[in-house]
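# Descriptive analysis of the structure
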Amino acid sequence: MYMVTKMQQENTSSSEGVEVLVNRPFKDDVLGEGQYTMKVYNLQSKFPSWITAIAPADCLQIEEEAWNAYPKCKTVLKCTYFTRFKLTIETLHVPDNGKSDNVHNLDAESLALRKVEVLDIASTARDYWNYMLAEDSSIDLSTFKPAKVERGPLLPGWQGIHDPVMTAYKLVTVDAPYWGFGYRMEQAILAAERALFLESHRRCFFWIDDWYGLSEEDVRRLEAESDAMLNKIRHGGSEGEREDETTRSLE
């Protein structure tokens, strides 16, 4: 919760970023109890040039619905311009080191189509999408050791050494049924999500001294303050206001 809030603040300005439309509790029979959010992402500068060449930049809004009921989460992303596009992310957090085979209980047909990728938050490899999401990233978890809790540094093979350890198993389903460029769009979106998973979870660990010891109520308060601040920025707040309010919200 803290990581999502802080990353939204770092990526929001008066011209681009996140607008929070809904943030409320929910309860259903599948996920249980949690928090439902609806957000709009205006991140036109993050799109590759071949996409902006076929779509107006100001139309490339991403609408996100998310149901966060830790250890289960579900996120659905849609694009206001490419209306048939849909991306679904189903997450299950499990206290293991990534060795579970089928935590989402997929059937045989789905397992045959599934492609498994292992993402290591200690990896320093970067590609186009990592650069676009975190241009100035200098995080090195192989040398990082927090002050508040005994964790790290994350050296090669850390998954089999450290305890406790947790894996976020993410089932990503993407559908872009557009002739001529649908497959290319799907691959670009998957690459972007892969980079986002790495950068966000890398920061979640790196910011551990900021959030360790906070209660859920503490973070909900910070989240509410941040939502109001982000919406103010997106509707005309200044960069100076953003810097001041970010400091008050998260420090």
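Refer to the structure above for everything that follows.
Residues numbered from 1 in each chain as written. Predicted model: local features only at pLDDT ≥ 70, side-chain atom pairs only at ≥ 80, totals over all residues. Heavy atoms only, no water.

### Overview of the pattern of salt bridges
Evaluated as defined, the whole model comprises ten salt bridges. Of the charged contacts, one joins Lys6 and Asp210 as a salt bridge, the two residues approaching to 3.4 Å between their closest N and O atoms. Residue Lys6 is found in helix α1 (residues 2-10), and its partner Asp210 is found in helix α6 (residues 208-211); the two are separated by 204 residues along the sequence. Of the residues examined, Asp210 reaches a relative accessible area of 35% and is grouped as partly exposed. A salt bridge links Asp101 to Arg114; its shortest N-O distance comes to 3.6 Å. Taken together, the residues Asp101 in the loop between β5 (86-94) and α3 (108-113) and Arg114 in the loop between α3 and α4 (128-133) connect sequence positions 13 residues apart. Members of the salt-bridge network, linked through shared partners, are Glu199, Arg202 and Arg203. (Salt bridge = Lys/Arg side-chain N within 4 Å of Asp/Glu carboxyl O. Helix = DSSP H or I, 4+ residues; strand = E, 2+ residues; numbered from the N terminus. Buried < 20%, exposed > 50% of the residue type's maximum accessible area, 1.4 Å probe, protein only.)

### Regarding the pairing of strand β1 (residues 17-28)
In the sheet, β1 pairs with strand β2 (residues 32-42) via eleven bridges, with the strands oriented antiparallel. Note on β2: the bridge partner recorded for Asp28 is Gly32. Turn length for the β1-β2 hairpin, with the two strands adjacent in sequence and antiparallel, is three residues. (Pairing = 2+ DSSP bridges.)

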